[in-house]
Amino acid sequence: MATNQMWGGRFEKGNSADVVAFNASISFDQRLAKHDLEGSIAHAKMLTHTKILSETEGAQIVGGLEKLLKKLTTGELTFSDTFEDIHMNIEHLLQQEIGDVAGKLHTARSRNDQTATDMHLFMKDETVQIIALLDELLNVVVTKADANVNTLMAGYTHLQHAQPISYAHYLMAYYEMFTRDKQRFETAYHSTNQSPLGAAALAGTTFPIDREDSAQELGFAGNYQNSIDAVSDRDYLLDFLHAAATLMMHLSRFCEEIIQWNSYEFGYIEISDEFATGSSIMPQKKNPDVAELIRGKTGRVYGSLFSLLTTLKGLPLAYDKDLQEDKEGVFDTIDTVKACVSLFTEMLATIQVKSDKLAASLQDDFSNATELADYLADKGLPFRQAHQVVGKLVHYGIANNLPLQKMPLTQLQEFEPLIADDVYDVLDPENAVARRISLGSTGFEQVKYQIKKAQKKLASE
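Treat the numbers as computed from the prediction; the structure is a model and nothing was measured. (Residues numbered from 1 in each chain as written. Predicted model: local features only at pLDDT ≥ 70, side-chain atom pairs only at ≥ 80, totals over all residues. Heavy atoms only, no water.)

### Section: a negative patch on the surface
Selection criterion: A patch is a set of surface residues, each over 30% in relative accessible area and not in a salt bridge, joined within 9 Å for like charges and within 5 Å for the nonpolar side chains Val, Leu, Ile, Met, Phe, Trp and Tyr. The Shrake-Rupley method, run with a 1.4 Å probe, gives the accessible areas here. Residue values count only the displayed protein chains as cover. By salt bridge we mean one thing: a side-chain nitrogen of Lys or Arg within 4 Å of a carboxyl oxygen of Asp or Glu. Counted charges follow a simple rule, with Lys and Arg positive, Asp and Glu negative, and His plus the chain ends left uncounted. By convention, the point assigned to a charge is CZ for Arg, NZ for Lys, CD for Glu and CG for Asp. Secondary structure follows DSSP: runs of H or I at least 4 residues long count as helices, runs of E at least 2 residues long count as strands, and numbering of each begins at the N terminus. Residue burial is assigned from relative accessible area. The probe radius is 1.4 Å, only protein chains are included, and a residue is buried under 20% of its type maximum, exposed over 50%, and partly exposed in between.
A contiguous patch of negative charge on the surface is contributed by D421, D425, D428 and E430. Here D425 lies in helix α17 (residues 423-427). Taking relative accessible area as the criterion, D425 reaches 54% and is therefore assigned exposed.

### A closer look at the pairing of strand β2 (residues 160-166)
Note the cut-off: One requirement defines pairing of two strands: DSSP has to find at least two bridges between them.
As judged from the six bridges shared by strand β1 (residues 152-157) and β2, these two strands associate in the antiparallel manner. What sits directly across from A154, in β2, is P164. Counting the residues between successive antiparallel strands, the hairpin from β1 to β2 contains two residues, one of them, H158, with a positive phi of roughly 55 degrees.

### Some words on the domain arrangement of the protein
Threshold: Residue ranges for the domains originate in an automatic or database domain assignment. Residues count as neighbours in contact if any of their non-hydrogen atoms are within 4.5 Å of one another. What counts as buried area is the accessible surface, traced by a 1.4 Å probe, that two parts surrender upon association, with contributions from both included.
Partitioning the protein into structural domains gives domain 1 (19-106), domain 2 (110-206 + 223-358) and domain 3 (362-426). On a C-alpha basis, the centres of domain 2 and domain 3 stand 44 Å from each other. Each partner contributes residues to the interface: domain 2 has eight residues there, and domain 3 has five residues. For the domain 2 face of the interface with domain 3, the top three residues by lost area are H161, Q163 and P164, together amounting to 67%.

### As for the UniProt feature "domain: Argininosuccinate lyase C-terminal" (unreviewed entry) in the protein
We apply this condition: UniProt positions are given in the numbering used here, feature names are shortened, and annotations may be inferred rather than shown by experiment.
The UniProt entry lists residues 366-434 under the feature "domain: Argininosuccinate lyase C-terminal" (unreviewed entry), expressed in the numbering used here. Counted over residues 366-434, helix gives 65% and strand 0%. Its end C-alpha atoms are 17 Å apart.

### A few points about a nonpolar patch on the surface
A contiguous nonpolar patch, built from L202, I228 and L317 and spanning about 280 Å² of accessible area, is present on the exposed surface. Along the chain, L202 falls in the loop between β3 (194-195) and α8 (211-217). We classify L202 as partly exposed; its relative accessible area is 40%.

### Describing the pattern of salt bridges
Overall, the coordinates contain 24 salt bridges when judged by the stated rule. When the shortest N-O distance is used, the salt bridge between D273 and K286 registers 2.8 Å. A residue pair is termed long-range when its members are at least 10 positions apart, and D273 in the loop between β5 (269-270) and α11 (289-312) and K286 in the loop between β5 and α11 qualify at 13 residues. Of the residues examined, D273 reaches a relative accessible area of 58% and is grouped as exposed. Here K286 falls in the partly exposed class, since its relative accessible area comes to 29%. One salt bridge in this structure joins K327 and D326, with 3.1 Å as the shortest N-O distance. Through salt bridges with shared partners, a single ionic network connects E84, D85, R111 and K321.

### Side note on the side chain of Q411
What counts here: Contacts described as polar in this section are N or O atom pairs within 3.5 Å, which, within protein, must combine one atom able to donate a hydrogen with one able to accept it, while residues neighboring in sequence count only if both atoms come from side chains.
Here Q411 is to be found in helix α16 (residues 409-415). When its relative accessible area of 16% is taken as the criterion, Q411 is described as buried. Side chain to side chain, Q411 and Y396 meet in a polar contact 3.2 Å long.

### Describing unusual backbone geometry
In this chain, L317 is followed by A318 through a cis amide linkage whose omega measures 10 degrees. Take A318: it is sitting in the loop between α11 and α12 (326-350). One non-glycine residue, L159, adopts positive backbone phi at about 60 degrees. With respect to the helices and strands, L159 occurs in the loop between β1 and β2.

Next comes the structure, spelled out in structure tokens:
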């Protein structure tokens, strides 16, 4: 049995080895070492400014923490499972560095507000990195779209050919999705940017601390206004996990289409060899493994979100040990999202678009049927009647393997006399796209406008 010397004064018996191992978090929360040291430096400086520590004591503690931070940077720090978490490891290492004065660092502070502060600092840094990765992705999407304004493809609904569109218009739909993802991470950053330091265990402290001082030192926008909320809040992690889950959903949808369109049956695109693998038995195979893995890893990010929601749903205020379960899922989500966004960006940038195959798919697919219905409505026929006429023409065309644009005028006029020889310009897929003029539509000029607007926005950020 072992008694932890940092909190064991009240205990007669120590924990068994199994309990020690079960209770410990150092195996994963050592990832917070940099932020624990930074938070401790800010706390020590504040204690010195408020004269809770003497100038000499403050200088000793800050100096020792800065030495540890330097050792961490150079890889010289090692952590022991003898001390259950990163906070106790750091305090022990500081004591080894500067002696018993290290024990004064924990004045007016609890591990409850300490671990919360570490996570807030960590999440700020990681969220900024993910936002930067999304900026790179957005730039690739827009660059790819700019190069494919005049590339024609079939737009889909229900995975059925619907109407001719610009491939750039399709890509810009994902630009909008990823832009919203970026905004969600920015919102998550905002909710993270509050300091819990100084809340202590849950009730604050009797020492004359200056929470504004430490918050400013750490770069927080402000402080939690309620000390109970400060140590028990994990909403900011839920905000992050929700943003991550939604981003992964968008990446997964995009990957699903890439996987389909890269197949032999579609052949619309080809993934670069760098992002595909082969088969151990079938020499001809080129498998879209990166896209499939991104699609697959979406599930584990969803799992992290639902895991934390479930952990939090029954917790009484304020701090409970259950909250230790907030970290591993978040850490895994961060690693997963960063890897997926980075690899997806590289994969998208190198995808070869087979414009001829895309355009050819519009020649006999009846995706210009709406053009004919609109044409008849423009001639004065009520749209519902026009819809019925065109539906009958499509039925005839399918039965006779004859696309609308290849039907003789006399045949078209048997179904509706209003049809004239100008109809063939209307039925041309390129003209069908060019004629779209509404804001946000697939018309070439509208797509160019969307791209220019996006380029201007990205350049200013």
